[in-house]
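The residues making up each chain are set out below.
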Amino acid sequence: HSVNIATIKHKTCVGSFCILTANFFNSLKTTIYIPILVILSLILLLACNPARKLESSQYLMASYQVKIDNSKVDSEELDNIVKQKPNKAIIRIGNRRFIRFHLWFYNFANFGKTRKYKNWLKNVIGEEPVLLDTSLTRKSVTQLKLFLNKKGYFNAQVKDETVYKKQQSWVTYTIKSGKPYQI
């Protein structure tokens, strides 16, 4: 069943009223879309630096990586052993995390006056920033060694390296497993 647009316009529009309403709705779209685009742009700009509210001695955990020279050891199991994980991110490319949505909401809720909706954003959607804790890094190294010992890699070496830049930190765990002992 096809509908003739000209007939609908003729029946619903009277003379210049049609043109007036069309112009009104076009300008309404423009007045709605532009502020929304500006607000979204500001949100993205504010979210660009998640470490901006940290003290000078604090470092946001940007990411971690476990590198192992042996493909026989399950890397997912090794990832599960690491004690400190960075904040969730919407977009992850390799080891890099982009658009930390939950962290942004947490920071937004802590800015300005306290409101009910801000408490809700902070507690339901938001995620507290994960700050680098070097004691947890050392504990992860110890736990990775224990895991490899249980798998028979008694001579495994686990080293951690932390890179600091602009109040963010990247931790890399490098594992040289060696040969496993077999019974």
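This structure is a prediction, so every number in the text was calculated from the model and none was measured.

Q: Looking at this structure, I do not really get the overall build of the chain. What am I missing?
A: Counting secondary structure elements, the chain contains six helices and five strands. In the chain, which comprises 183 residues, the proportion classed as buried is 27%. Surface summary for the chain: the accessible area is close to 13300 Å², and the carbon and sulfur share equals 59%.

Q: What should I look at first to understand the side chain of T172 in this one?
A: Within the element layout of this structure, T172 appears in strand β5 (residues 168-176). Non-local contacts of T172, meaning those with residues more than four positions away in its chain, are made with Q65, K67, K159, D160 and E161.

Q: In this structure, what is going on with the sheet that holds strand β1 (residues 60-68)? I would like to understand it.
A: Through backbone hydrogen bonds, the strands of a sheet pair up, either in parallel or in antiparallel fashion. An order of β1-β5-β4 is seen for the three strands of this open sheet, with the pairing classed as mixed. With partners counted over all chains shown, the strands left at the sheet margins are β1 and β4 (157-165), one partner each. Looking at each pair of strands side by side, their axes are set apart by 15 degrees on average, direction ignored.

Q: When you look at the nonpolar core in this model, what are you seeing that I'm missing?
A: A general trend in soluble globular proteins is that nonpolar side chains are found buried together. Judged by nonpolar contacts, the single largest core of 19 residues is most densely connected at Y64, V66, L78, L144, L148, Y173 and I175. Looking at this core, the elements with two or more residues in it are β1, α3 (75-81), α6 (134-150) and β5. The leading source of residues in this core is α6, at four residues.

Q: Just to check I follow, could you spell out the packing of aromatic side chains for this structure?
A: Two measures describe an aromatic ring pair: the distance that separates the ring centres and the angle between the ring planes. Counted according to the given criterion, the structure contains two aromatic pairs. Measuring from ring centre to ring centre gives 5.5 Å for F154 and Y181, while their planes differ by 50 degrees; the resulting arrangement is tilted. Residue F154 is found in the loop between α6 and β4, and its partner Y181 is found in the segment after β5; the two are separated by 27 residues along the sequence.

Here is what the cut-offs are and how they apply
Residues numbered from 1 in each chain as written. Predicted model: local features only at pLDDT ≥ 70, side-chain atom pairs only at ≥ 80, totals over all residues. Heavy atoms only, no water. Helix = DSSP H or I, 4+ residues; strand = E, 2+ residues; numbered from the N terminus. Buried < 20%, exposed > 50% of the residue type's maximum accessible area, 1.4 Å probe, protein only. Areas by Shrake-Rupley, 256 points an atom, 1.4 Å probe, with all protein chains shown as cover. Contact = heavy atoms within 4.5 Å. Pairing = 2+ DSSP bridges. Axes fitted to C-alpha atoms, helices over the stretch in contact; angles between N-to-C directions. Core = buried A, V, L, I, M, F, W, Y, C linked by side-chain atoms within 4.5 Å. Phe/Tyr/Trp six-rings, centres within 6.5 Å; stacked < 30°, edge-to-face > 60°.

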